[in-house]
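Report on the structure
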Amino acid sequence: MKHITVLLEEGIDGLAIKPDGIYVDATLGGGGHSSLILSKLTTGHLYAFDQDDYAINKAKERLSAIGDNFTIIKANFVNLAQELKALGVEKIDGIIYDLGVSSFQFDDPERGFSYKYDAFLDMRMNQDVKLCAYDIVNTYPLGELATIFTKYGEEPFAYKIAQNILKERTKKPIKTTLELVDVIKGSLPQKVLNKKGHPAKLVFQALRIAVNDELQVFEKSLLQAIEMTNIGGRIAVISFHSLEDRIAKHTFKEYSEIHIPKNLPIAVKDIAPLKLITKHPILPSEEELANNNRAHSAKLRVAEKQKNIEWFYSIFCLFIAIFPTYEKANPPKKFPNTFISINSIPFKLNKSKVKLK
Ligand SMILES: C[S@@+](CC[C@H](N)C(=O)[O-])C[C@H]1O[C@@H](n2cnc3c(N)ncnc32)[C@H](O)[C@@H]1O
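Residues numbered from 1 in each chain as written. Predicted model: local features only at pLDDT ≥ 70, side-chain atom pairs only at ≥ 80, totals over all residues.

Focus: the overall build of the protein
Going by this rule: Where helices and strands are cited, they refer to DSSP runs of H or I of at least four residues and of E of at least two residues respectively, numbered from the N terminus. Partly exposed residues are those whose C-beta has more than 12 but fewer than 20 other C-beta atoms within 10 Å; 20 or more makes a residue buried and 12 or fewer makes it exposed, with C-beta atoms placed from the backbone. We call two residues in contact whenever the C-beta atoms placed from their backbones are within 7 Å.
Per the secondary structure count, the protein includes 16 helices and 7 strands. Counting all 357 residues of the protein, 38% fall into the buried class. The long-range fraction of contacts in the protein, counting pairs at least 24 apart against all pairs at least 6 apart in sequence, stands at 69%.

Some remarks on the site of the ligand
Where we set the bar: Placing a C-beta atom from the backbone of each residue, we mark the residue near a molecule or strand if the atom is within 6 Å of it. Gly is put with the polar residues, along with every residue not named as nonpolar or charged; the nonpolar set is Ala, Val, Leu, Ile, Met, Phe, Trp, Tyr, Cys and Pro, and the charged set is Asp, Glu, Lys and Arg.
In the region of the ligand, 22 residues are neighbours, and Thr5, Thr27, Gly29, Gly30 and Gly32 sit closest. Broken down by secondary-structure element, the contributors of at least two residues to the shell around the ligand are α2 (32-40) and β2 (45-50). Partitioning the shell around the ligand into residue classes produces 7 nonpolar, 12 polar and 3 charged.

Notes on the nonpolar core
Heads up, the condition is: In these notes, a nonpolar core means any group of buried Ala, Val, Leu, Ile, Met, Phe, Trp, Tyr and Cys residues linked to one another through C-beta atoms within 7 Å.
Ranked by internal contacts, the top residues of the largest apolar core, which has 49 residues, are Tyr23, Ala26, Ile37, Leu46, Ala48 and Ile238. The contact partners of Ala26, leaving out residues within four places of it in the chain, are Phe49, Phe77, Leu80, Ile95, Ile96, Tyr97 and Ser221. Residues Ala133, Tyr134, Ala146 and Phe204 belong to the second largest nonpolar core, which totals 30 residues.

A closer look at helix α1 (residues 8-15)
Let me state the cut-off plainly: In this description, one arc is meant: the one made by directions from the helix axis to the C-beta atoms.
Taken as a whole, α1 has its buried residues at Gly11, Ile12, Gly14 and Leu15. Along the axis of α1, the buried positions cluster into a sector of 150°, meaning they face one direction only. Positive phi shows up at Ala16, right after α1, with a value of about 45°.

A closer look at unusual backbone geometry
Despite not being glycine, Met123 has its phi angle at roughly 70°, a positive value. Along the chain, Met123 falls in the loop between α5 (103-106) and α6 (133-139). What makes Met123 buried here is the crowd of 26 C-beta atoms within 10 Å. Of note, Glu154 is a non-glycine position whose phi angle comes to about 50°, a positive value. The topology assignment puts Glu154 in the loop between α7 (142-153) and α8 (158-171).

Some details on the sheet that holds strand β3 (residues 70-74)
Stated formally: Pairing between strands is defined by DSSP: at least two bridges between the two strands are required. Note on geometry: axes are lines fitted to C-alpha atoms, helical ones only across the stretch in contact, with angles between N-to-C directions running from 0 to 180 degrees.
In spatial order, the strands read β3-β2-β1-β4-β5-β7-β6; together these 7 strands make up an open sheet with mixed pairing. Only two strands of the sheet have a single partner each, and these edge strands are β3 and β6 (274-276). Across the sheet, the axes of successive neighbouring strands diverge by a mean angle of 20°, strand direction being ignored. As paired strands, strand β4 (residues 92-98) and strand β5 (residues 229-239) are joined by 6 bridges and run parallel to one another. Considered in β5, the bridge of Gly94 is made with Arg234. Its contacts with the sheet put helix α13 (residues 242-255) on β5, β6 and β7 (299-305), and the angle it makes with β7 is roughly 25°.

A look at the environment of Leu243
Mapped onto the secondary structure, Leu243 falls in helix α13. Each C-alpha atom of the pair Leu243 and Glu214 lies 10.0 Å from the other, and the pair is 29 residues apart in sequence. The residues touching Leu243, leaving out its near neighbours within four places in the chain, are Tyr152 and Leu215.

With respect to the packing of α2 against helix α3 (residues 53-64)
In plain terms, the rule: Under this scheme an angle from 65 to 115 degrees is roughly perpendicular, one under 35 degrees roughly parallel, and one over 145 degrees roughly antiparallel; angles in between are oblique. Whether a crossing is left-handed or right-handed is set by the direction in which the near helix is turned from the far one by less than a right angle, anticlockwise for left-handed and clockwise for right-handed.
Look at α2 against α3: their axes get within 10 Å of each other, and the N-to-C directions meet at 25°. In this view, α2 runs roughly parallel relative to α3, as classed from their interaxial angle. For the element pair α2 and α3, the recorded crossing hand is right-handed. Packed against α2, whose contacting residues are Ser34, Ser35 and Leu38, the element α3 presents Ala59, Arg62 and Leu63 at the interface. Per-class residue counts for the contact of α2 with α3 are 3 nonpolar, 2 polar and 1 charged.

Details of the pairing of β4
With 7 of 7 residues buried, β4 lies mostly within the body of the structure. For strand β1 (residues 22-25) and β4, the ladder comprises 3 bridges, and the chain directions are parallel. In the strand pairing of β4, Val24 is matched with Ile95.

Some words on the confidence of the model for the protein
The condition that has to hold: Looking at any residue, its pLDDT shows the predictor's confidence there, from 0 to 100.
Looking at the protein as a whole, the pLDDT averages 88, with 83% of positions reaching at least 70. Across residues 334-357 the pLDDT falls below 50, and counting only partners more than four positions away or on other chains, this stretch makes 26 contacts in the model.

Quick word on the environment of Leu289
Relative to the helices and strands, Leu289 resides in helix α14 (residues 286-291). The class for Leu289 is partly exposed, based on 13 C-beta atoms found within 10 Å. Other than its neighbours up to four places away in sequence, Leu289 contacts Pro284, Ala295 and His296.

With respect to the environment of Glu219
Looking at the element boundaries, Glu219 is found in helix α12 (residues 214-228). In sequence terms Glu219 and Thr251 are 32 residues apart; their C-alpha atoms lie 8.2 Å from each other.

So, α2
Taking burial as the measure, the 9 residues of α2 include 7 buried ones, the bulk of the element. Every buried residue of α2 is listed here: Gly32, His33, Ser34, Ser35, Leu36, Ile37 and Leu38. Along its buried surface, α2 packs onto α1, β1, β2, α3, β3 and β4.

Considering the pairing of β5
For β5, the buried fraction is high: 8 of the 11 residues fall into the buried class. Sheet topology places β5 next to β7; 6 bridges connect them, and they run antiparallel. Residue Ile238 lies in a different strand from β7, and its bridge partner there is Leu300.

See below:
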């Protein structure tokens, strides 16, 4: 079993590595991105997260052959800040997320991630946690199952599949991946079954996301990463489906814009916490697509932390907080001179329109 790293050079180029910097690989996996980061560091240090013992053991060997300035953290990256701070790391110069599961996990029949092999319905990335796909499939109520398939799989036949799962499990528990595949196939119309692509793909994706709470943990972690990254540091995200990509895209966009009235005489872009390095996502090359099937849905987005102007925020917040009250208590008409400079700007400040981080 081999994991071929997706967007290897592109992802690491996106980090613009400084040899003496502190870098984080949030998803160590087979250690492809980590190895390239480590090879670019001199006095810098790499912290690599994974929650999978197999990945950690494999990658540790690979990284040790390159250098010793790395630390592997067996933890969920949702605890990014807490884990790093416990090691005395308050700030980082860059972080990369290469989301999802690795080929080690996906192609290991025993892990239950794949609809191709018959296995117990497991799908846990971290085998120390209790909840697995079997529990969801066999205990969740109809509405919750249908919601999971719709929300995390965007499966058009979510409700029908959930209904059939409930019907089936009253006879006997659905224990294995292929038993579940049969229920899914039995719920879909022939014209859908005739289409290209595996009919169970969306439901399996949905279950995996639910078991590992993948979207919530990524979103929470990304916010911590933005907070911890030094000015000029980079955050790179490689995603494999639209739900993950949407989180990266929206978070980067939200943090690279400040929603203040149009006519305010300041350069708004320069004061947002992030600057977008990739306006559009970077996709794998034709060559990579030909050599790595996993690369097909991959997208890379990169953002950079901008210069710190917290003083501006403080003054601006104070201004926003005080002005509406003052304006109400002292209508501008009566005090034209007091407000002359503010009223000369052709806008009216509206607190609800201003979004500050
Ligand atoms: C796609 S692989 C990463 C591959 C790696 N970039 C490489 O080049 O070999 C994703 C890895 O991240 C891990 N992972 C996924 N979500 C995680 C999370 N929330 N916390 C920690 N590790 C996670 C998985 O266990 C898996 O090993």
